[in-house]
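Listed here are the chains, written in short residue letters.
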Amino acid sequence: MNIVLLGAAGSGKGTISDFLKSEYGLKHISTGEILRNNIKMKTPLGELAARYINDGNLVPDEVVINMIKEIVSGNNSGYIFDGFPRNLNQAQKLDEICKVDLVLSVEVQRDIILKRLSNRRICPKCNLTISIDDAPNGLCPKCNSQLITRDDDKPESIKKRLEIYEAGANILKDYYKNKLFVIDNSGDLKTTMNSVKNVVGGKKTYDM
Ligand code: AMP
């Protein structure tokens, strides 16, 4: 089964991906994470991507589509696509690469998203993502490194990223309307995971 996760930055796609990984054994592909790792390793891809990401813009389609092709080629089932596709062209290209079984649109009120993103920190060493509320000393609870704010979680980038997401979201939701389920992630985690389980579990019976 292949699942596409739609959702604005800060909507909780990462948390839902972790759940899907452990519950259903799917592999998680986050295009944003792959690009950030390339930036960290100072690869040519990272150098190119940084020019777009740090300003809150999308990286060119052909770059991310090639990344997905390379990962998926030869084994085209069992993935969670997190942060991909971001627009119609990417969605059409993904259909050429593999069959998308289910699309979850993770939705959260804008004010909650803004708070989550401005509180979000990452560990540059072990990649943990955490709210500063849960690490008030500013240190990673896993490896004790100093937590940092993602460059694209700075206020000017956040606004642009949300605008870009909102501009593309309805087109994608329409494209996927026959396999789309909305997951409300404004409340507590348990309620969200139960909704995910109901949707994916039901689908699993037929398709996996
Ligand atoms: P994310 O971690 O999904 O919020 O992605 C962080 C940033 O990586 C985005 O703001 C884009 O600059 C870039 N990015 C991630 N996925 C894509 C994609 N599918 N298409 C274009 N740019 C992307």
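In case you missed it, the structure is sitting above this.
Residues numbered from 1 in each chain as written. Predicted model: local features only at pLDDT ≥ 70, side-chain atom pairs only at ≥ 80, totals over all residues. Heavy atoms only, no water.

1. A closer look at the pairing of strand 3 (residues 79–82)
(1) Moving on: Alternating positions in strand 3 separate into two faces, Y79 and F81 on one and I80 and D82 on the other, with burial throughout.
(2) Moving on: For strand 1 (residues 3–7) and strand 3, the ladder comprises three bridges, and the chain directions are parallel. Bridge assignment links I3 to a residue of strand 3, and that residue is I80.
(3) Moving on: Inspection of the sheet shows strand 2 (residues 27–30) paired to strand 3 by four bridges, in the parallel sense. Paired with H28 across the two strands is I80, which belongs to strand 3. (Buried < 20%, exposed > 50% of the residue type's maximum accessible area, 1.4 Å probe, protein only. Helix = DSSP H or I, 4+ residues; strand = E, 2+ residues; numbered from the N terminus. Pairing = 2+ DSSP bridges.)

2. Focus on the site of the ligand
(1) Moving on: In the neighbourhood of the ligand, 16 residues make up the surrounding shell, with T31, R36, N57, G83 and Q90 lying closest.
(2) Moving on: In the model, an oxygen atom of the ligand is placed 3.2 Å from a nitrogen or oxygen of the R86 side chain.
(3) Moving on: One of the side-chain nitrogen or oxygen atoms of R161 is found 3.0 Å away from an oxygen atom of the ligand.
(4) Moving on: When isolated, the ligand has an accessible area of 480 Å², and the protein chains bury 96% of it. (Near = heavy atom within 4 Å. Polar contact = N/O pair within 3.5 Å; in protein donor to acceptor, adjacent residues only side chain to side chain. Areas by Shrake-Rupley, 256 points an atom, 1.4 Å probe, with all protein chains shown as cover.)

3. Regarding the environment of P155
(1) Moving on: Note on placement: P155 falls in helix 7 (residues 155–175).
(2) Moving on: Using a relative accessible area of 62% as the deciding quantity, one classes P155 as exposed.
(3) Moving on: For P155 and L114, which are 41 residues apart along the polypeptide, the C-alpha to C-alpha distance reads 8.9 Å.

4. Things to note about the layout of surface pockets
(1) Moving on: Of the pockets and cavities examined, the second largest pocket occupies roughly 200 Å³.
(2) Moving on: Lining the second largest pocket are 14 residues, with A8, V108, I113, Y165 and E166 positioned closest to its centre.
(3) Moving on: Among the secondary structure elements, those contributing two or more residues to the lining of the second largest pocket are strand 4 (102–107), helix 6 (110–119) and helix 7.
(4) Moving on: Sorting elements by how many residues they give to the lining of the second largest pocket places helix 7 first, with six residues. (1 Å grid on protein atoms, 1.4 Å probe; cavity = no way out; pocket = protein on both sides within 12 Å on 5 of 7 lines; lining within 4 Å. Points joined across faces, edges and corners; volume = space filled by probe spheres on them.)

5. A few points about the packing of helix 2 (residues 31–40) against helix 3 (residues 44–53)
(1) Moving on: Close contact between helix 2 and helix 3 brings their axes to 8 Å; oriented N to C, the two are set at 115°. In terms of crossing hand, the pair formed by helix 2 and helix 3 is left-handed. Across the interface between the two elements, L35, N38 and I39 from helix 2 touch L45, G46, A49, A50 and I53 from helix 3. (Axes fitted to C-alpha atoms, helices over the stretch in contact; angles between N-to-C directions. Left-handed = near helix turned anticlockwise from the far one by under 90°. Contact = heavy atoms within 4.5 Å.)

6. Details of the sheet that holds strand 4
(1) Moving on: Here we have five strands laid out as an open sheet, ordered 2-3-1-4-7, and parallel in their pairing. Every interior strand has two partners, whereas the edge strands, strand 2 and strand 7 (180–184), have only one. Neighbour to neighbour, the strand axes of the sheet diverge by 25° on average, direction disregarded.
(2) Moving on: The sheet contact formed by strand 1 and strand 4 spans five bridges and is parallel.

7. Topic: the packing of aromatic side chains
The description of an aromatic ring pair uses the distance of the two centres, along with the angle that the planes make with each other.
(1) Moving on: Using the criterion set out here, one finds two aromatic pairs in the structure.
(2) Moving on: Plain terms: the ring middles of Y79 and F81 are 5.9 Å apart, the flat faces sit at 40° to each other, and that makes the pair tilted. One exposure class covers both Y79 and F81, and it is buried.
(3) Moving on: Between Y175 and Y176 the ring centres are 5.1 Å apart and the planes differ by 75°, which places this aromatic pair in the edge-to-face class.
(4) Moving on: Judged by relative accessible area, which is 31%, Y175 ranks as partly exposed.
(5) Moving on: For Y176, a relative accessible area of 2% corresponds to the buried category. (Phe/Tyr/Trp six-rings, centres within 6.5 Å; stacked < 30°, edge-to-face > 60°.)

8. Thoughts on the side chain of D153
(1) Moving on: Relative to the elements of secondary structure, D153 occurs in the loop between strand 6 (129–131) and helix 7.
(2) Moving on: Within the local environment of D153, its side chain forms a polar contact with the side chain of R161, the two groups lying 2.9 Å apart.
(3) Moving on: Those residues within four positions of D153 in sequence are excluded, and the remaining contacts are L117, R120, I158 and R161.

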